Each structure stands twice: as structure tokens, then as C-alpha cells.
Amino acid sequence: MKTKTYGRTVALACLGLTLGLAPNLAADDGIVAAGTRAVKSLNGVWDVCPIEGLEFSYPPPGEGWSQEQVPAQDGHTPTIKSIPYMMVHGADPLKTGNFSEKDGMATWFRHRFQLPDKLPAGKRVVLHFGGMAYRSETWLNGKKLGTSYQCALPIDYDVTDAVKSGQNELLVGLTGLQGIMDLKNKTMLTPAYGANAGIRDGVELRFVPELHVEDIFVKTSVNNRKLEAVVGIANSGGATRKVQASLTVFDPDGVPVCAVEGAAAVSKPGETAEMVLAKSWLAERLWSPSDPAIYTAKVELKSGGQVVDCREQTFGYREFEIRGRDFYLNGVRTVLFRNSLLTSLGTPAAAANGFAEVRNSVDNPYNCIRLHLGFNNRHLLDAADRVGMMTIPEASWNHINKFPSAKRDLWLPNTLAYFRGWIKENRNRPSVIMWSLANETYWDHRDPAELAIAKEILALVREMDPTRPQQGDGEVSWNGMLPTTNIHYPEGTAGTVRLDFPNAGLVVPNDLHWLKTEGLNKSWRAEFAWDRPLMLGEYWHHGGDILATSSYMGDTAFDWEKWRLQKVADPSYSPDNRYIETLQKATDWYRKMGVACLNPWAGDRKLFMKAVDVRPLDFHPNFQGGQTGARKVIVFNDSFQNYDNLHLQCDLKMADITVWQDEIKTHAPKGTHREVEVPVACPVVSQPTEATLTVRLRYWRGGGWRELSRYDETVY
């Protein structure tokens, strides 16, 4: 049998259908029925038996079995030895041509379960694995279901002809990472990042009608005030059927707010056809970080006047788009304050961890998370949908030294199948605003064979989801093919002042101002014209020798006792850390220039990535006594809120005595920033005197003034 990957079923029950056990299914069989469908969990204690080598010989050994919980709590089976995840440390088998491990590379999994004497008529039975890795071979009751290389996706098998009443035996052979390596050709065979060896997510039997809703893709357009549901209708029976589908949308409180009746159609046996249900309609609540409203689309499928299947799909009504060099969410210019997370795929433990991490990150200071290197944890994505965190899932496919273009015939078919399943699984999530197709894979490469692969992947992603833009982290723009430009660590080579001096490091603030709105920009492994949204996917992890660092850290770079106890880039830095001070200045300048996404790689982001903030743009500390000096500041409002009576409260203090103060009205609607010049009237002094300039950003609310942000600086 052929294996097929499906999107995850969001709900088994349908609103409006009578709940209860389907005919011939008893509660003590462990089968839970709802409406037209039913499910039996196969989670629990399984038998496991490690083998030598990587090849499975059926039947499995009669001895050497122990027991293990499925799914594994941490997503990894202890009977398979782990090897370095990215193979960047230790011996890389693709380079050495052999495996250093001689055992612990593969394991049998076995589970026996009971089914009732009489199975329900007119139902197909699907064996669903939420996720297992790496190469898998599956048997049910002695019949081989197939071999799968899709270790980063759910895997489904139609087992209608293999299951039986009474006792059933399910066998799965799983390899370690070695099972998806071709040593002879020095290539990986399939995307694998994010997965650990083992059965990492739930296993279940799904009983579905022969004529059923296979998939729902809900598309929303705020600009066009339109809802469109693309419904996949599968006929796994033996006869042609007349069908009609209807759509009902329920708001977050469960109230029906929109309905669409589809036209009658013909469904042929063995085929899956698409039906589009569309209507001009704009939801009352648009999904956003400030209001993560979740709607539910219910599709009923009728044949012969009877409801034969029903399926629900949650979604958010929202539109994320590109306009020129900016991102817009629901018509509001949106700067992405992004974090990058590595959270393993699909483990139960990650359900709590993922939710907590997302909850704690919202506006603190992040509004976006990149799921780095294929770690597309569904529990984390569930949390992001519901708490309002925008996400950028990243593909499990990365690094050309693991996927050489000369061997594309060996790995590209599996990779395209992965991209198809990955997009389908996650394209209804409102939190997903963009797809990241790779990380530091093609970079500045311009090889035609590599770009041909990139073009093929991009075309498939756009076919599967025409509603979202795409990026590649550190990939620049794939020679202009991507609608975004994403670069990593531009501070490594950007800037010109340092080039005029031997052994010079970054000269601040001059070298921070390398970015130009017109002409060609050059930075580390990147040349680009700024004609689309610019994303700093990773920046400011500045290395180099201590002399280069001293150009912006001064003598503090040589404080060995200090850095013996504290890393320069550690978030718990002390206030006099010039490294973080420079990172703050760089971030302010990038925001001022209009960079669309910021993802710094060091420091406490809560201090320098506030959505609403006031920051200085001038860095000269000296003023002339008896004269009015000028200080240029910038007010950022990268939030989804407007503020009444926004103004700056400014004062200058000498020895805790206020010698000057002023209030300056300003206006910064949501999604904008404004530059303001502050005139600082300095008193006459008899000698050089230190003072503190404070600028507060305040607004009026509830009968009083509230402070949004402030900064203090020492002036002379």
C-alpha cells in the first residue's frame, strides 16, 4: 500500500450532530464515536526490541523485547542511540563514509489491540501516526503497509483491508538518523530537522465515511472582505455519488455568523476533488496579537439527502501582506519583533513548555516567533494561535552539504512531498504569517542547479498556499525569487569608517549607518537592493579579537575579571556593558530606517525592542552652557494601538536640581514612527558640569498621565 500524509484533524465532533457511539461500536472497545466518525487510541505501553544494523526482517525476533511508553515523553526512544543532531560536531557519516555506531541504530515497536466482532459498515479505517522518525516500516496483521521517509510529518495508512475483528498486531520498525543517509552518494534522503528517533506523537485508528471531507483550507481577505473555503472531498468507495457541501462559520462564542451552500457535484470513486465555498463576508473580530479571535468552519457533506460526513476547521480571519518594503497585518503596518525557538516536534512535554514559552513571550517584547530549523512543534503553534503570537515556521530541509544538487534525484522527491504535507498541515493556523523555506542553505550561492531546486520548492509552496509570503533565513532573496530579503549578521562586514583604519573594529555610531534605501547594499554574504521587506533574521553576535571589540567597548573590553564572571552578550549584563549599548543603538537605527523584522541574537530584548518607545538619534554628549542645544529623538509606535495626547516630557537635572524642562506634543499613530527635535536650554555654568537629560513618552488615559517609555543620558 502507498503511504499518504494528511493534515491534522482539528476536531472529530461536529456542531449540530447528535453525539453517540456509531453502530456496532461499543464503549469498552476503546472506540470513541462522534457524529459520522470515530477514533480508537493506540497510545500506551508498547513492546520494543532493538536490532543490529538498519534492515528489518519480518517477522521480528521472538526474544529480546522490553516495554516502552508510546508516545515517548521526550519524543525519543532510549533503544536508539542519538547522534549529533546537525552532524556539525563529531564524525559526520556523510563525510567519513561509515557509521561509528555498530548497534542501537534501529528498533522494532509492537502493539496488540482488540476490535469488536463486527466493524461498522461503510467506513474506511485509517491508521494515523502523529509523528515517528526516522525511516519507518509498518506492518499490520502480517501485511506490510509501507515504508516512509517522512520523519517530520504525520503519516497515515488506509488499513481497511488489513484490520480485523478480535486481536490485531501492529509492528513498526524505526531507524535512527542513519536510516535516512545514503553514504555511497553522500546525501541525506529526506528533511529531518526537528525530529528525534522514536514515536513522538499519538497513534490512533480513525473510522471515516467512504465519502468524506478530506481537507478544508480556509482563506480570508480583509481587503476584499471575502471568505473562501477550499474543501477536498474524497470518495474511497466503489460507486459514483452525487454530493453537496455546505459551510457554516461560528464565532468564538459558538454563534453561527456566516453560511454558504455549495452547488451539487459528482464524486467519482477513488478520487479527491476540490469544491470552493465562497462568500463576501468580513468577520466582526479580526485575528491579531491584540485580539486572537478563533472562528470555526463546519463543513457538512450530503449525499442522497443525508449527511454523510462533517468536519470542522478552526481559523482566524486576518490578512498578512507585503506593501513595498513593509509588512501589514489587517491593514496596519507591522514590524516583527522576532524570537527564534528550538522546541522539538510533537512531544507531550512540549505541550506545557511550548504554551508557557509563548504566553510569556507575547509583547515581552516579541510579537513573532520563528520555529528555527524545522522545530514546528504543534503544541507551541496551538498556543500561538490562541494567545496572539505571530509565527514563522521553518522547513526541516536545510544545508546544501547534506542535500547536494548533483544528487537531487535521490532526495528531492521526498523533500517536495515534505513541503506539500508541511504546508497542508499548518496553513489554517492564523498565527502562521509566513513560511521560512530554509536557513543558511543557499545564502549567496548563485549556482543554476541550486537555484533551479529553490525555484521548484518555491513554486510548490505557492501552489499549496497562495495567501502567505515566503522567506529564507539568511537566504537573502534567492536571487530575487523570494518576496522578502533576509540576511544574517550584517555587522560582520557592513560599514565603511573602520576600513580606513588598520586593525579597527566597528566604529559606533558611524558604521551602524551602513544601510541605504537606494542603490546596492553589501554586508556579510549578501548584496541586495532594498526593494522589498528587509528582515534581519539574526544579527549582532559579534565575534573577533579583543582589539576589534574595544573599538566600541573601550577599555571595558580588557576587564578580564568582569568577563570571567559574565559573558559579554549575556542577557544578565550589567548596565555599563558597551556591547549591549551598541546593540541598542543598532536596533534603534534599523527601526528608524524601516527594517521590517528584527531578530537580535543577544541581550535582554525587553530593554531594547519595546513596541512603543522613545530613543535618541544623536550621541554627542556635550552642550554649551548658556545656549539652547538640540537633541534629536525618535518615537516608535509599532503596536496595534493609538494613544491620546501623546507627548514628550523632558527635563535636565544637575545634582538632582531641575534646571530646565519642557513638554512637546507629538503624534505617532499605530504602525508609525516620528522624529522629534528637543531644544535643550542649558544654564550658564562656571566649569564643565555633568547633568542628566530625561525624556519621557506619556499619554492621557483615565483622567491621568501614563508613562509609556523613557530614557536617561548623561550630558556635559
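Described in the following lines is the structure provided in the data block. Worth saying up front: this structure is predicted, and the values here are computed from it rather than measured. (Residues numbered from 1 in each chain as written. Predicted model: local features only at pLDDT ≥ 70, side-chain atom pairs only at ≥ 80, totals over all residues. Heavy atoms only, no water.)

### Re the overall build of the chain
Within the chain one finds nine helices and 43 strands. In the chain, the share of contacts with a sequence separation of at least 24, taken over all contacts with a separation of at least 6, comes to 72%. For the chain, the accessible area works out to roughly 29600 Å², and carbon and sulfur atoms hold 48% of it. (Helix = DSSP H or I, 4+ residues; strand = E, 2+ residues; numbered from the N terminus. Contact = heavy atoms within 4.5 Å. Areas by Shrake-Rupley, 256 points an atom, 1.4 Å probe, with all protein chains shown as cover.)

### A look at the pairing of strand 28 (residues 368-371)
For a regular strand, the rule is simple: side chains alternate between the two faces of the sheet. Neither face of strand 28 is left uncovered, since the one carrying C368 and R370 and the one carrying I369 and L371 both have all their residues buried. Pairing of strand 27 (residues 336-341) with strand 28, which is carried by four bridges, proceeds in the parallel orientation. By the bridge assignment for strand 28, S340 is matched with R370. Across four bridges, the pairing between strand 28 and strand 29 (residues 390-393) is parallel. (Buried < 20%, exposed > 50% of the residue type's maximum accessible area, 1.4 Å probe, protein only. Pairing = 2+ DSSP bridges.)

### Description of the sheet that holds strand 24 (residues 320-323)
Pairing is antiparallel in the open sheet, where three strands are placed in the order 24-25-26. Strands with a single pairing partner mark the edges of an open sheet, and in this sheet they are strand 24 and strand 26 (332-333). Judged from the four bridges that link them, strand 24 and strand 25 (residues 326-329) form a sheet pairing that is antiparallel. Within strand 25, the position partnered with F320 by the bridge is L329.

### With respect to the pattern of salt bridges
Summed over all chains, the structure comprises 39 salt bridges. Residues D215 and R427 are paired through a salt bridge, measuring 2.7 Å at the closest nitrogen-oxygen approach. Here D215 is found in strand 16 (residues 211-221), whereas its partner R427 is found in the loop between helix 4 (408-426) and strand 30 (435-439), with 212 residues between them in sequence. Look at D215 and you get buried, because its relative accessible area is 8%. (Salt bridge = Lys/Arg side-chain N within 4 Å of Asp/Glu carboxyl O.)

### Digging into the nonpolar core
With 116 residues, the main nonpolar core has L127, V159 and F419 as its most contacted residues. Setting aside residues up to four positions removed in sequence, F419 forms contacts with A395, W397, L437, I457, L460 and V461. In terms of nonpolar packing, the next biggest core, distinct from the first, is built from 27 residues, L227, A229, Y295 and Y317 among them. (Core = buried A, V, L, I, M, F, W, Y, C linked by side-chain atoms within 4.5 Å.)

### Focus on the environment of A630
Relative to the helices and strands, A630 is located in strand 38 (residues 628-637). Distance in space between the C-alpha atoms of A630 and E677 is 6.5 Å, their sequence separation being 47 residues. Apart from the residues within four sequence positions on either side, A630 is in contact with D618, H620, F623, E677 and V678.

### Focus on the state of the cysteines
Counted under the stated rule, the structure contains zero disulfides. As a non-bridged cysteine, C368 has C597 as the owner of its nearest cysteine sulfur, 6.0 Å distant. A relative accessible area of 0% places C368 in the buried class. (Disulfide = S-S within 2.5 Å.)

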